[in-house]
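Next come the chains, spelled out residue by residue.
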Amino acid sequence: AYCSMPAVTTKRKVLVTGGAGYIGSHAVVELVEGGYECVVVDNLSNSSYESLARVQVSTQKYIPFYQVDLVDRQALEQVFRDHREIDCVIHFAGLKAVGESAHIPLKYYQNNVNGTLVLLELMEKFHVWKLVFSSSATVYGDYTRYPGMLQVPEECPLQPTNPYGHTKCTIEDILRDVYASVPSTAPWSFAILRYFNPIGAHPSGLIGEDPIGIPNNLLPFMAQVAVGRRKQLSVFGNDYDTRDGTPIRDYIHVVDLAKGHVAALQYLQKNGQVCREWNLGTGRGSTVLEMYVAFKKACGIDIPMEIVGRRPGDVPLLVAKADKAKCDLEWHTELDIRQACEDLWRWVTKNPFGYSQRGVVSTVCNPGIYDTRLVTLGHGSKFQVVFGNIGASIVDIRVDGQSVVLDGGASAGNYAGATIGRYANRIMGGSFTLDKNYVLSTNDGPNTNHSSISSYHTKRFLGPLVKTPSRGIFVAEYVLLDEQPTEFESDVLVNVIYSVDVESKTLDIQYSAILVRGGATAINLTNHTYFNLNKVNSESLQGTEIRVATNSFLKGNIISKADIATFHEGEPTILGKNMPSFDHCFVLSESALLDSTKSELYPILRASHPESHVNLEVLTTEPSFQLYTGDSLNGLFPPRSGFAVEPGRYVDAVNNDRWKEAVTLAPGNIYRSRIVYRFS
Ligand code: NAD
């Protein structure tokens, strides 16, 4: 007889405290790649949200983020309420500067110890019983007090030499006490991970250590000397009893370390109630001078160095006995110090100022709410563009300091400035047939416009990942996984890449999309910026002069001629209150490709205003564009306060055999298009 197996429910949601930090952000990458869902809590006291924005773009996964201090019980409780399915906590949040801890010990105890207490109490309240804790090798103190001990085993008595170490020790004790108290109703399990010296960065070069102020650790300091941010490296003491007189540490690649957390989490999930300590190290030690040589080799730059006196609290030797983690967690390190130095150097050269970049400013509209973050790229006096996550929108474009677009607000959820998809423009009758018939909600009489309830202008895009490839050029990449539930059914991955070129006052938009699940779908992406080139003087587009590349437009299925100035004929068409209204799909080319970037980029519209003297040229690779004079702006703006130029595929192409192929995204294919706004 058929006997069904009991359903295996693996709980996969993990709360990561301190997840925006150095080790936490690397752990989030490994967790997401291991199929876990992460929720991050961080007060950003020593980190930047940028790390998580980048992780989200690179993993293409949304990571809910709460800017919350662990000691703020009420705020932390809300996180547990919002995410009832949390199965495990990985607890990185803490202050970690040894030297500083000696100056402000109360702050360290309050933050590290009290933060952990609040966390544990809430875990108990919400029945979350598994915790992986970031402890440190510093809890051992100077184990050369036991002569002949070269690698420190977990059983070594703890004797930290500084307040930071004491906080780690205290938290370990708390965990052991809580575990020992275990009534059967509180099935706690704890993995206490004692890190040795984490170094390196993610090999992608996207995330790494971004110390605020003067780095306390050797590698980040050397890196800053190499990029010219600091003059020289100080080596604290060469009179220790070691092979070259400098202290020996066990350096572990941060990616190996991050993977150790996934292994510990899996151990807790498999083994039920446990409370154990594990060293996470390589078992091999390197002296400061050996690291100095290794890093110089990786970066190929000579690093000025000076030997200075010992630093208080430093111990001569700190190397892990690493067998216990190897055996229990089935985890071992795979990367060596050469790879760590190379990865660090890649991170540093790509991000010489860490997560801050010149000409890039990010702000949040509501404190702590990062899903509607605004990112401003460029230079205020010349050319600057503001982007928002909702709809991957263009929130503002400033030309010589003047705003020239209607600002729909970062989270207002209107079309102004937004990315429009999955299917921009109208689908007549609200239905189409590909492998089957799809019926969409209608919002334009009997038709569906801009995808109706599935429209991208209300969707939260991930990112952006901002790059500054050269002076005056800024590239921001947003990602959207447009997935179920959607009336289009199949799942599509969409990339929007904005390039801002300050010198040429150009905003270049590149769209691409692939199908990630399900059958072929309809696709047509565009941007819905409303321009008012004279916004500085007037709320109306009155007086804007335009010319277009063609006056051919689609009237139903027939190509007709509109009364509008083209590049080569007559006087420009003037837009304004009592002037003709346009909501026309102009046709530039009657043949179209799914990847329109294979065709040439050509100008389709030129506009200028005699009062502001701002000129706009719109270019595209798309075969058609909708010109809209903004007769109905949803009550948000008065009618005709701006005009939109929406390059894309012909209106209703999905229902037209001539053009259907160019809007059908089938498995294995890629949709691409490009739009350029150039100002002068
Ligand atoms: P980090 O400073 O980059 O990360 C810690 C994160 O916790 C930061 O993002 C910070 O903003 C956040 N945080 C601090 N206090 C908080 C609070 N009260 N509420 C919410 N968030 C808070 O440091 P890291 O190097 O990634 O270290 C992570 C953990 O590992 C720390 O607990 C640290 O003590 C421990 N550790 C680090 C090292 C090391 O050399 N990096 C070695 C051993 C142990």
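Residues numbered from 1 in each chain as written. Predicted model: local features only at pLDDT ≥ 70, side-chain atom pairs only at ≥ 80, totals over all residues. Heavy atoms only, no water.

A. Expanded view of the overall build of the protein chain. Of regular secondary structure, the protein chain possesses 11 helices and 42 strands. At 29 Å, the protein chain has a C-alpha radius of gyration in line with the 26 Å of a compact globule built from 680 residues. Seen along its three principal axes, the alpha-carbon backbone of the protein chain occupies a region of about 95 × 75 × 40 Å. When each of the 680 residues of the protein chain is scored for burial, the buried share is 58%. (Helix = DSSP H or I, 4+ residues; strand = E, 2+ residues; numbered from the N terminus. Rg over C-alpha atoms; globule rule 2.2 N^0.38 Å. Buried < 20%, exposed > 50% of the residue type's maximum accessible area, 1.4 Å probe, protein only.)

B. How the structure looks around the site of the ligand. As a matter of local geometry, the ligand sits amid 27 residues, with Asp-42, Asn-46, Ser-47, Lys-96 and Tyr-164 nearest to it. Residue Asn-46 places a side-chain N or O atom 2.6 Å away from an oxygen atom belonging to the ligand. In this structure, Leu-70 approaches the ligand through a main-chain N or O atom, which is 3.0 Å from a nitrogen atom. Looking at the shell around the ligand, the elements with two or more residues in it are helix H1 (22-33), strand E5 (130-136) and helix H6 (163-181). Among the elements that line the shell around the ligand, the one with the most residues is E5, at three residues. Looking at the shell around the ligand residue by residue, the classes come out as 11 nonpolar, 12 polar and four charged. (Near = heavy atom within 4 Å. Polar contact = N/O pair within 3.5 Å; in protein donor to acceptor, adjacent residues only side chain to side chain. Nonpolar A, V, L, I, M, F, W, Y, C, P; charged D, E, K, R; others polar.)

C. Expanded view of the sheet that holds strand E15 (residues 360-364). Ordered in space as E15-E16-E17-E18-E19, the five strands form an open sheet in which the pairing is antiparallel. The open sheet is flanked by E15 and strand E19 (402-403), the only strands paired with a single partner. The pairing of strand E16 (residues 373-379) with strand E17 (residues 383-388) spans six bridges and is classified as antiparallel. Bridge pairing in E17 links Val-375 to Phe-387. (Pairing = 2+ DSSP bridges.)

D. Inspection of the environment of Gly-668 at higher detail. With respect to the secondary-structure elements, Gly-668 resides in the loop between strand E41 (664-665) and strand E42 (670-679). Judged by its relative accessible area of 80%, Gly-668 falls in the exposed class.

E. Seen up close, the sheet that holds strand E14 (residues 317-318). Pairing in this open sheet of three strands is mixed, and the strands run E12-E9-E14 from one edge to the other. Edge positions in the open sheet fall to strand E12 (286-287) and E14, since each of these has one partner strand only. As judged from the two bridges shared by strand E9 (residues 248-249) and E14, these two strands associate in the parallel manner. In the strand pairing of E14, Ile-248 is matched with Leu-317.

F. Seen up close, the packing of helix H3 (residues 73-82) against helix H5 (residues 105-125). With their axes 10 Å apart at the nearest point, H3 and H5 run at an angle of 35° to one another. Like other packed secondary-structure pairs, H3 and H5 cross with a definite hand, here right-handed. Of H5, the residues touching H3 (which contributes Arg-73, Leu-76, Glu-77, Phe-80 and Arg-81) are Val-118, Leu-119, Glu-121, Leu-122, Met-123 and Lys-125. Split by residue class, the contact of H3 with H5 holds six nonpolar, no polar and five charged. (Axes fitted to C-alpha atoms, helices over the stretch in contact; angles between N-to-C directions. Left-handed = near helix turned anticlockwise from the far one by under 90°. Contact = heavy atoms within 4.5 Å.)

G. Structural context of the domain arrangement of the protein chain. We note that the domain assignment places domain 1 (13-204 + 251-287 + 316-330) and domain 2 (360-679) within the protein chain. Spacing between the C-alpha centres of domain 1 and domain 2 amounts to 45 Å. Opposite the 12 residues of domain 1 that make contact, domain 2 presents 14 residues. Between domain 1 and domain 2 the total buried area reaches about 1,200 Å² when both faces are included, carbon and sulfur atoms providing 60% of it. Among the residues domain 1 hides against domain 2, the three largest losses belong to Val-57, Gln-60 and Tyr-62. Together they make up 45% of the total. Inspection of the region where domain 1 meets domain 2 yields one salt bridge. With a shortest N-O distance of 3.0 Å, Arg-373 and Glu-50 are connected by a salt bridge. Summed over the shared surface of domain 1 and domain 2, the number is three residue pairs in polar contact (both at pLDDT 80 or more). At the level of elements, helix H2 (50-59) and strand E3 (65-67) are the ones that each hand at least two residues to the side of domain 1 that touches domain 2. (Domains from an automatic or database assignment. Buried area = accessible area lost by both parts, 1.4 Å probe. Salt bridge = Lys/Arg side-chain N within 4 Å of Asp/Glu carboxyl O.)

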